[in-house]
Amino acid sequence: MVKDFRGSRGDRGGFRRSRGGPRGRGGPRGGPRGGAKVIVEPHRFPGVYIIRGKEDMIGTRSLAPGETVYQEKKVQVPEGDIKIEYRVWNPYRSKIAATILGGVEQLGIRPGCKVLYLGAASGTTVSHVADIVGLEGSVYAVEFSERSGRDLVNMAKKRINVVPIVDDARHPIRYRMLVPMVDVLFADVAQRDQARILALNAQHYLKNGGRFLISIKANCIDSTVEPSVVFEREIETLKELGFVPEEMITLEPYEVDHAAVSGVYRPS
Ligand SMILES: C[S@@+](CC[C@H](N)C(=O)[O-])C[C@H]1O[C@@H](n2cnc3c(N)ncnc32)[C@H](O)[C@@H]1O
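In the annotation of an unreviewed UniProt entry, the chain is listed under the name rRNA 2'-O-methyltransferase fibrillarin and assigned to Stentor coeruleus. According to the UniProt record, the Sequence similarities (unreviewed entry) comment for the chain reads "Belongs to the methyltransferase superfamily. Fibrillarin family." Recorded in UniProt for the chain, the comment headed Subcellular location (unreviewed entry) runs: "Nucleus, Nucleolus".

Below you can see the structure in the form of structure tokens.
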């Protein structure tokens, strides 16, 4: 049975909304105001941090200090003689961040692991995943838009653990020379046949027992029925394709009519 947390469960790992209401894309970017004291604590997911200040946020430790990817806020915290830089991870800009704040129990993405990421766009979320997996891990990021792909490639120049792949995730065989077997497969392609795309990539690259996470935008799949019906159907499709879905999180308030489903592939 798939647990349904409907985006309202328990440990939200920080990132309270500001008193003036939720901060959307157009609002002020998250982050402590200049000089405000912040404390950074590890989140229960290794590689993710809770940045406590006037508002609590989540973030990742930057692999490329001094650089921003999407004008996200940076926070520097002294550690001995050096300063460690963390980047605030905005859940309005990232479904993985929204999934973490929604209280997902298992993420799978952790330091040292290999992640195949489908639907990388310009690399906003990929950059945080790269921070999490660190230099011992890798992110293979697939994006078919040439324009977004250019930004993705530029981001990857600063994060050498990212392999940008500007190609169509419907044809995973084309990138067989670039991608090894991976521990985690994530898909955010917003396509009607996204479960099939996930399965095609899993067949080639996801270890048996590896984890998957898929973001589902209901109206990309079927706008004629309630989102909850679309989510249930997608879960059934995933089961038919060899996945064992374990959790479903709806992504409100960060994304409307979106859910994330996570679980295991061909467990032994
Ligand atoms: C919702 S956006 C992804 C946002 C991104 N994951 C992030 O957090 O920044 C979906 C992306 O998937 C890409 N996409 C859609 N179909 C694809 C396919 N078949 N192969 C590769 N990329 C695809 C689109 O070009 C778009 O950039």
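So that's the structure; there's more coming.
From N to C terminus, the chain includes 6 helices and 13 strands. Burial statistics for the chain: of 268 residues in total, 46% are counted as buried. For the chain, the share of sequence-separated contacts (at least 6 apart) that also reach a separation of at least 24 residues comes to 63%.

Attention shifts here to the site of the ligand. The environment of the ligand is made up of 18 residues, and the closest members are G119, A121, T125, F144 and A169. Counted by class, the shell around the ligand contains 6 nonpolar, 7 polar and 5 charged residues.

Turning our eyes to something else, we now look at the pairing of strand β11 (residues 206–217). Across the 12 residues that make up β11, a large majority, 9, are buried. In this sheet, β11 lies alongside strand β10 (residues 182–187) in parallel orientation, the contact comprising 5 bridges. Across the sheet, F186 pairs through a bridge with L213, a residue of β11. By the bridge criterion, 7 bridges tie β11 to strand β13 (residues 258–265) in an arrangement that is antiparallel. Across the sheet, L213 pairs through a bridge with S262, a residue of β13.

Here is what the cut-offs are and how they apply
Residues numbered from 1 in each chain as written. Predicted model: local features only at pLDDT ≥ 70, side-chain atom pairs only at ≥ 80, totals over all residues. UniProt positions renumbered as here; feature names shortened; annotations may be inferred. Helix = DSSP H or I, 4+ residues; strand = E, 2+ residues; numbered from the N terminus. Buried ≥ 20, exposed ≤ 12 C-beta atoms within 10 Å, placed from the backbone. Contact = placed C-beta atoms within 7 Å. Near = placed C-beta within 6 Å. Nonpolar A, V, L, I, M, F, W, Y, C, P; charged D, E, K, R; others polar. Pairing = 2+ DSSP bridges.

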